[in-house]
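# A closer look at the structure
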Amino acid sequence: MNDLKDVPVLDNHSHFFKTRPYDAPLWSSLTLSLNDMPEQQVKNTLLYHDMIANLSSLFDMPAQEEIVLAERRRRMDSDYPGYIRELFTDVNLRWMLIDIGLAKSSVDFTEFESICPASVSYVYRSETLIDDLWKRQIPIDAAIDLLHKTIADVYSSLHFVAIKSIIGYRTGLRIEPHKKVTGEKSYRDILFKETAGICRELNVPFHVHAAFGESNLDLRENNPLHLKDFLDSSDAEGLKLVLIHGGYPYTFEAGYLAAMYPGIYVDISEFIPFASMGMRRGVEDILSMCPTNKILYGSDGFDVPETHWLGGRSAKETLSVIIMSLVERGKITSKYGQLMYHDILYRNSLTLHNIR
Ligand SMILES: [Zn+2]
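Here is a short report on the structure shown in this document. (Residues numbered from 1 in each chain as written. Predicted model: local features only at pLDDT ≥ 70, side-chain atom pairs only at ≥ 80, totals over all residues. Heavy atoms only, no water.)

## A word on the overall build of the protein chain
On a plain count of helices and strands, the protein chain comes out with 15 helices and nine strands. Against the 2.2 N^0.38 benchmark of 21 Å for 356 residues, the protein chain shows a C-alpha radius of gyration of 20 Å, consistent with a compact globule. Overall, the protein chain is about 65 × 50 × 40 Å in size when its C-alpha atoms are taken along their principal axes. Counting every atom, the protein chain has about 15,400 Å² of accessible surface; 51% of that belongs to carbon and sulfur. Charged side chains of the protein chain number 37 positive and 48 negative; the gap between the two group centres comes to 3 Å. (Helix = DSSP H or I, 4+ residues; strand = E, 2+ residues; numbered from the N terminus. Rg over C-alpha atoms; globule rule 2.2 N^0.38 Å. Areas by Shrake-Rupley, 256 points an atom, 1.4 Å probe, with all protein chains shown as cover. Lys, Arg positive; Asp, Glu negative; His and termini not counted. Charge placed at Lys NZ, Arg CZ, Asp CG, Glu CD.)

## Quick look at the environment of D6
Along the chain, D6 turns up in the segment before β1 (9-14). Residue classification places D6 among the exposed positions, given a relative accessible area of 56%. Taking the C-alpha atoms as reference points, D6 and D90, 84 residues apart in sequence, are found 8.3 Å from one another. In this structure D6 touches N92 and K316, once residues within four positions along its chain are discounted. (Buried < 20%, exposed > 50% of the residue type's maximum accessible area, 1.4 Å probe, protein only. Contact = heavy atoms within 4.5 Å.)

## Regarding empty space enclosed by the protein
Under the counting rule described, the total for this entry stands at one cavity of 30 Å³ or more. By volume, the largest cavity is sized at about 30 Å³. Forming the boundary of the largest cavity are E127, I130, S165, I167, R188, L191 and F192. For the lining of the largest cavity, the secondary structure elements donating two or more residues are α6 (127-135) and α9 (184-202). Per-element tally for the lining of the largest cavity: the top contributor is α9, with three residues. Residue classes in the lining of the largest cavity are distributed as four nonpolar, one polar and two charged. (1 Å grid on protein atoms, 1.4 Å probe; cavity = no way out; pocket = protein on both sides within 12 Å on 5 of 7 lines; lining within 4 Å. Points joined across faces, edges and corners; volume = space filled by probe spheres on them. Nonpolar A, V, L, I, M, F, W, Y, C, P; charged D, E, K, R; others polar.)

## Comments concerning the coordination of the zinc ion
The coordination sphere of the zinc ion contains the protein donors H13 (NE2), H15 (NE2) and D300 (OD), at a distance range of 2.0 to 2.1 Å. In primary sequence terms, the donor set of the zinc ion follows H-x1-H-x284-D. With H15 in the loop between β1 and α1 (39-42) and D300 in the loop between β9 (295-296) and α14 (305-328), this pair connects stretches of sequence that are 285 residues apart. Assigned by exposure class, H15 and D300 land together as buried. (Donors = N, O, S within 2.8 Å, 3.2 Å for Na, K, Ca; no water.)

## Some remarks on the packing of helix α2 (residues 46-59) against α14
Put simply, α2 and α14 touch, their axes get as near as 11 Å, and they point 85° apart. When the axis of α2 is compared with that of α14, the two are roughly perpendicular. Every residue of α14 that contacts α2 at L47, D50, M51, N54, L55, S57 and L58 is listed here: E306, T307, W309, L310, R313 and S314. For the contact of α2 with α14, the residue count by class is six nonpolar, four polar and three charged. (Axes fitted to C-alpha atoms, helices over the stretch in contact; angles between N-to-C directions. Parallel < 35°, antiparallel > 145°, perpendicular 65-115°, else oblique.)

## Things to note about the sheet that holds strand β6 (residues 241-244)
Within the open sheet, the eight strands sit side by side as β1-β2-β3-β4-β5-β6-β7-β9. Their pairing is parallel. In the strand order of this sheet, the two ends are held by β1 and β9, each with one partner. Bridge count for strand β3 (residues 119-125) against strand β4 (residues 162-165) is three bridges, and the pairing is parallel. Across the sheet, R125 pairs through a bridge with K164, a residue of β4. (Pairing = 2+ DSSP bridges.)

## Description of the environment of Y22
Among the secondary structure elements, Y22 is positioned in the loop between β1 and α1. Placed 261 residues apart in sequence, Y22 and V283 show a C-alpha to C-alpha distance of 33 Å. Filtering out sequence-adjacent residues up to four positions away, Y22 remains in contact with R72, R73, M76, Y80, V304, P305 and E306.

## Things to note about α9
Over its 19 residues, α9 runs 27 Å from end to end, which matches the ideal 27 Å to within 8%, given 1.5 Å per residue. Of the residues flanking the end of α9, it is N203, one or two places downstream, whose phi is positive at about 55°. (Expected span 1.5 Å × (residues − 1).)

## Some thoughts on the packing of aromatic side chains
Tallied over the full model, the rule gives 17 aromatic pairs. Between F59 and Y83, the ring centres sit 6.4 Å apart and the planes meet at 45°, which makes this aromatic pair tilted. Separated by 24 residues along the polypeptide, F59 in helix α2 and Y83 in helix α4 (residues 80-91) bring together distant segments of the chain. No difference in accessibility class separates F59 from Y83, as the two residues are buried. The rings of F16, F17, F88, F109, F112 and Y122 are connected pair by pair, giving a single aromatic cluster. Lying over the aromatic face of Y22, K18 brings its terminal NZ or CZ to 5.8 Å of the ring centre. Across the ring face of Y265, the terminal group of K294 is positioned such that the distance to the ring centre comes to 5.5 Å. (Phe/Tyr/Trp six-rings, centres within 6.5 Å; stacked < 30°, edge-to-face > 60°. Lys NZ or Arg CZ within 6 Å of the ring centre and 35° of its normal.)

## Here's the deal with the layout of surface pockets
Each pocket or cavity is described by its volume, and for the largest pocket that value is around 260 Å³. Every residue lining the largest pocket is counted, 21 residues in all, and those nearest its centre are L102, R125, I166, Y169 and E214. Residue assignment for the lining of the largest pocket shows that the elements contributing at least two residues are α6 and α8 (167-170). At three residues, α6 tops the list of elements feeding residues into the lining of the largest pocket. Of the residues assigned to the lining of the largest pocket, the class counts are six nonpolar, seven polar and eight charged.

This is the structure we're talking about:
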């Protein structure tokens, strides 16, 4: 498995990174909290240490924080596009699917494409519109019309490859049948089902956040098993639905759903690399039952290109360890191990999103 370092990578779920060198310290981009986390808490996470250790190996210098950070600063300031290319080449990151809905990471698309060494496809986030419709208290029938019209307009200009929902962040994943609107949850549930219908019409996958996330999320409402009633309803017939972030920490549950429903796929972003010690357990949980041709690698990288890069490095390391152990124990052939590795890192997402 020694030649696996060069295997191409497609990042199934990510966000823009900044297109110019920036002054914010690296640690401030390594927390998912929206609260004001103290520097000395973030710097004492395994994620931070993992980042410094990987940068030191990339720069081929001792893993001393000050030296590594100074070298990073030097490379960014002297040739930022060159530094990004170095990161992307190191993990052979070839293609990125970018969720354009994350406000804090928004950039000029043309500028981003000119600086990004990988090919880029976009994912439209439905809450960009739905949050606004709810805030303005647009009646549900008009909201449904606006949803169809807006998504059709965006599709004709942007040619996105998937639509994403973060309803898990808003009112949770227990999507219920509603005859009429009785409050925010029913309003959003109805529009979630409409969005699923639009995905089927356009023949694009529906990416659904189903996992941990930033500090404003209620993890109790984000277990992907809550989707059961929706998945058994006619609204989900023929739909391809990707559980974004692998359901983490409900990773067995995510893999189980993918084993039960032909249209369910599992993305492993965010807990790779943000869950650090949890990366291996998460992937093993998913692999317990999930068909290996339905697992999609992603980073959930945002803000700084090092997050996308660390995701690629972490995924390659985690998958290598797991696959090698399966081969050594005679559970799979080394040929199948190679196939899994290529599929999860690149081909599964390419095929699912019909990317050429
Ligand atoms: Zn994300």
